[in-house]
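Here is how the chains run, residue by residue.
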Amino acid sequence: MAPRGNVEFVLLRLAYVPYIHPLYPRITYQIRKHPPTGSIVQVRDWFEHVMMRERSNLPPDANVRYAEWRILTGDVNLFNVQGCRFDKIMLVLGEENISWVFYHNMPMHRRVEGCACFPVSYCGCCLNNQYLDIMDKIKQTVSRRKIR
């Protein structure tokens, strides 16, 4: 891999809000210099583990920034996985892998974690048009039965 000075990680945070129409989500975009660990208390351990794995592939002097997308939606189908309905979803779109976690507001409840290398192309600046395709791929992967 060629050395790079600047690296951007794309974070996608979805939250279910019942009073928002499913076809008209509220979307915000923010570029951060520091990771958003203060605002993701429920999944901070998962996020730090994923970022440790992603940063291990980078040179130690690389400048890292975070493009954070927050999407509030009323589309309940996005949050149904493995027979459970979750409140929130967080994705980390890294260099090679997409990591995800489905979780509830309360930290003691069940959560679904995973990562995979998808043949999905995305752009960090126009993810609001592409997040549904990425979520479809993730839900197909999570719903697949594991054969051992």
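Residues numbered from 1 in each chain as written. Predicted model: local features only at pLDDT ≥ 70, side-chain atom pairs only at ≥ 80, totals over all residues. Heavy atoms only, no water.

**What to know about the side chain of H104**
Logical step 1: Position of H104 among the secondary structure elements: in the loop between β7 (98-103) and β8 (112-116).
Logical step 2: Assessed through its relative accessible area of 17%, H104 is described here as buried.
Logical step 3: Apart from the residues lying within four places of it in its own chain, the contact partners of H104 are Q42, R85, F86, D87, H109 and R110. (Helix = DSSP H or I, 4+ residues; strand = E, 2+ residues; numbered from the N terminus. Buried < 20%, exposed > 50% of the residue type's maximum accessible area, 1.4 Å probe, protein only. Contact = heavy atoms within 4.5 Å.)

**What to know about the nonpolar core**
Logical step 1: Among the nonpolar cores identified, the biggest contains 25 residues, and L12, L14, L91, W100, F102, M135 and I138 are the most heavily contacted of them.
Logical step 2: Looking at this core, the elements that each hand over two or more residues are β1 (6-16), β3 (63-73), β6 (88-93), β7, β8 and α2 (131-143).
Logical step 3: The biggest single contributor to this core is α2, with 5 residues.
Logical step 4: Those residues in contact with L91 that sit more than four places away from it in its chain are V10, L11, L12, S99, W100, I134, M135 and I138.
Logical step 5: L11, L58, Y66 and V92 belong to the second-largest nonpolar core, a separate cluster that totals 17 residues. (Core = buried A, V, L, I, M, F, W, Y, C linked by side-chain atoms within 4.5 Å.)

**Remarks on the pattern of salt bridges**
Logical step 1: All chains considered together, the criterion is met by 7 salt bridges.
Logical step 2: The shortest N-O distance in the salt bridge between E68 and R13 comes to 2.6 Å. Of the two residues, E68 sits in strand β3 while R13 sits in strand β1, which places them 55 residues apart along the sequence. Across the pair, exposure class does not vary: E68 and R13 are buried alike.
Logical step 3: Taking the shortest distance from any N to any O, the salt bridge between D45 and R111 comes out at 3.2 Å. Within this pair, whereas D45 is found in helix α1 (residues 44-55), its partner R111 is found in the loop between β7 and β8, the two being separated by 66 residues in sequence.
Logical step 4: Take D45: its relative accessible area is 47%, and that puts it in the partly exposed class.
Logical step 5: Residue R111 is classed as partly exposed on the basis of its relative accessible area, which comes to 28%. (Salt bridge = Lys/Arg side-chain N within 4 Å of Asp/Glu carboxyl O.)

**Section: the environment of P119**
Logical step 1: Positionally, P119 belongs in the loop between β8 and α2.
Logical step 2: Considered as a pair, P119 and I134 are 15 residues apart in the sequence and their alpha carbons are 9.9 Å apart.

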